[in-house]
Amino acid sequence: SASSVFPPVLSITTPLNETMMKVAALALLAGSAAAFAPAAPASRTSVALNAEKSASLPFLNRPPLLDGSMAGDVGFDPLGLSNIDDVGIDLYWLREAEIKHARVAMLAV
């Protein structure tokens, strides 16, 4: 007979399982509601920021040598290449090298 081959099926909705599901759902709702509760006021500290922000990358400070005096200068220097004074290369030399390399690349194409 088929009933002797298969084990008896347990009911999924026992009172203990229903109670555990209700407790789990309540805990889940309480945890998600806490995420939207207003945060406790923290002690405020005032820090004066004297650095001007870059126009191209507003989350970074404007590099000191990129002051907008050169054509197309909007303060884009995420790698800090304009601040390599210890090598003896100035910003004008870097600009000329970039123009030269761009022209050579256009000729190569």
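Residues numbered from 1 in each chain as written. Predicted model: local features only at pLDDT ≥ 70, side-chain atom pairs only at ≥ 80, totals over all residues. Heavy atoms only, no water.

Student: Break down the side chain of serine 82 for me, citing the residues and quoting the values.
Tutor: Inspection of the secondary structure puts serine 82 in the loop between helix 1 (15–35) and helix 2 (91–108). A polar contact of 2.6 Å, which involves the side chain of serine 82, links it to the side chain of aspartate 77. Once you skip the residues sitting within four places of it in the chain, serine 82 turns out to touch Pro63, Leu65, Leu66, Asp77 and Leu91. (Helix = DSSP H or I, 4+ residues; strand = E, 2+ residues; numbered from the N terminus. Polar contact = N/O pair within 3.5 Å; in protein donor to acceptor, adjacent residues only side chain to side chain. Contact = heavy atoms within 4.5 Å.)

Student: Got a sec to walk through the side chain of serine 54? Specific residues and values, please.
Tutor: One can find serine 54 in the loop between helix 1 and helix 2. Side-chain polar atoms of serine 54 contact the backbone nitrogen of leucine 57, separated by 3.4 Å. Among all residues touching serine 54, those that are not within four sequence positions of it are Leu60, Asn61, Arg62, Val74, Gly75 and Phe76.

Student: Before we move on, could you go through the environment of tyrosine 92 and cite the residues and values that matter?
Tutor: Following the sequence through the fold, tyrosine 92 ends up in helix 2. A relative accessible area of 45% means that tyrosine 92 is categorised as partly exposed. A C-alpha to C-alpha distance of 9.8 Å links tyrosine 92 and serine 82, two positions 10 residues apart in sequence. (Buried < 20%, exposed > 50% of the residue type's maximum accessible area, 1.4 Å probe, protein only.)

Student: Give a description of the environment of asparagine 83 that names residues and reports values.
Tutor: Position of asparagine 83 relative to the elements: it lies in the loop between helix 1 and helix 2. Note on asparagine 83: relative accessible area 40%, which makes it partly exposed. On a C-alpha basis, the gap between asparagine 83 and proline 64 in space is 8.1 Å, while along the polypeptide they are 19 residues apart. Not counting chain neighbours up to four residues away, the residues in contact with asparagine 83 comprise Pro64 and Leu65.

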